[in-house]
Amino acid sequence: MIAGLNPIPIKELRALASPKTWDFEVYLNELPSSRPIQGTISAELNDDFLVLQGRLATLLKLTCDRCLRAFNQGIECNPKELIRVGEASLPQRALSPKTPNLYSWVESLDPQGYFNPERWTFEQLTLGLPLLNTCGKECPGQDNYHEVTTVRANKEKANARTSIDPRMEILKKLL
Ligand SMILES: [Zn+2]
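These lines cover the structure that appears in this document, whether it is placed above or below. (Residues numbered from 1 in each chain as written. Predicted model: local features only at pLDDT ≥ 70, side-chain atom pairs only at ≥ 80, totals over all residues. Heavy atoms only, no water.)

## Side note on the coordination of the zinc ion
Selection criterion: In this description, a donor is an N, O or S atom within 2.8 Å of the metal centre, a cutoff extended to 3.2 Å for sodium, potassium and calcium. Water is not part of the atom list, which can make sites seem incomplete. Four donors are marked tetrahedral only if all angles between them lie between 85 and 135 degrees, whereas four are marked square planar and six octahedral if opposite donors are more than 155 degrees apart and the other angles lie between 65 and 115; the remainder are marked irregular. In this description a helix means any DSSP run of H or I spanning at least four residues, a strand means any run of E spanning at least two, and both kinds are numbered starting from the N terminus.
Taken together, the protein donors to the zinc ion comprise Cys64 (SG), Cys67 (SG), Cys135 (SG) and Cys139 (SG), at separations of 2.3 to 2.4 Å. Every donor counted, the four donor atoms about the zinc ion form angles of 107 to 113° at the centre, which fits tetrahedral coordination. Donor residues binding the zinc ion come from one chain and are separated in sequence as C-x2-C-x67-C-x3-C. Residue Cys64 is located in the loop between strand 4 (49–63) and strand 5 (70–77), and its partner Cys139 is located in the loop between helix 2 (117–127) and helix 3 (145–161); the two are separated by 75 residues in the primary sequence.

## Quick word on the layout of surface pockets
Regions of empty space are outlined by a rolling probe, equal in size to a water molecule, passed over the atoms. What counts is decided by this rule: The way it works is a 1 Å grid over only the protein atoms, where trapped points that fit a 1.4 Å probe form a cavity and open points with protein on both sides within 12 Å along at least five of seven lines form a pocket, and then any residue with an atom within 4 Å of a point lines it. Grid points are joined across faces, edges and corners, and a volume is the space filled by probe spheres set on the points. Here the term charged refers only to Asp, Glu, Lys and Arg, the term nonpolar to Ala, Val, Leu, Ile, Met, Phe, Trp, Tyr, Cys and Pro, and the term polar to all other amino acids, Gly among them.
If you add up the space inside the second largest pocket, you get close to 150 Å³. Looking at the lining of the second largest pocket, the elements with two or more residues in it are strand 6 (80–85), strand 7 (108–109), strand 8 (114–115) and helix 2. Here the lining of the second largest pocket is composed, by residue class, of five nonpolar, two polar and four charged.

## Structural notes on the packing of aromatic side chains
To be explicit about the condition: Stacked, edge-to-face and tilted are the three classes for Phe, Tyr and Trp ring pairs, Trp counted by its six-membered ring, which pair at centre distances within 6.5 Å; planes under 30 degrees apart are stacked, over 60 edge-to-face, the rest tilted. Summary of the burial criterion: residues with accessible area below 20% of their type's maximum are buried, those above 50% are exposed, and those between are partly exposed, where the area comes from a 1.4 Å probe applied to protein chains only.
One pass over the structure, following the stated rule, counts two aromatic pairs. Ring centres of Phe115 and Trp120 lie 6.4 Å apart, and the angle between their planes is 65°; on these two criteria the pair is classed as edge-to-face. Neither Phe115 nor Trp120 differs from the other in exposure class; each is buried. Members of the aromatic cluster, joined through ring pairs, are Trp22, Phe115 and Trp120.

## With respect to the side chain of Ser33
To be explicit about the condition: As used in this structure description, the phrase polar contact means that two N or O atoms lie within 3.5 Å; if the pair is within protein, one of them must be able to donate a hydrogen and the other to accept it, and residues adjacent in sequence are counted only when both atoms belong to side chains.
Tracing the backbone through its elements, the reader meets Ser33 in strand 3 (residues 33–46). One polar contact links the side chain of Ser33 to the main-chain carbonyl oxygen of Arg35, over a distance of 2.9 Å.

## Describing the pattern of salt bridges
Applicable threshold: Any Lys or Arg side-chain nitrogen located within 4 Å of an Asp or Glu carboxyl oxygen qualifies as a salt bridge.
Applying the stated rule across the entire model yields four salt bridges. The shortest N-O distance in the salt bridge between Arg14 and Asp48 comes to 3.8 Å. Of this pair, Arg14 sits in helix 1 (residues 10–15) while Asp48 sits in the loop between strand 3 and strand 4, and the two are 34 residues apart along the sequence. Assessed through its relative accessible area of 45%, Arg14 is described here as partly exposed.

Written out as structure tokens, the structure reads:
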């Protein structure tokens, strides 16, 4: 656990008069990077929704899926997420007028539970990664089509098991 990014009880967020914010520069064990992850996160409890916004940037250490060479990949994102606090089964049209309507939610949290900014940072940064990591045009493993196809198929299978935000799919196509 990283000091300053400790999970915060939902109850504590509810008691705050203004959004809780985190400003940090950290290294995450699960996500090796060549420089610290620089981030800002704000969390605000708005009725029964946790409204999250962030700005994250770092240089990730990745391994090329084609030639297995290590390379650095710059990543920057401005994630926004709405998390339902309480019953997950509430229909989406039940959004209150006070809740920003530009989001939809896929996750829910127990009102007695916690929001974990460190976990959220990890998830948002990994969501933005392409299905296939390649070190670039100069990759010596370009002709390795069979292996590439296998890697891609395995990754797609792995991704299919976790729910993917459709907005991220659009972004991935653009990349
Ligand atoms: Zn490569």
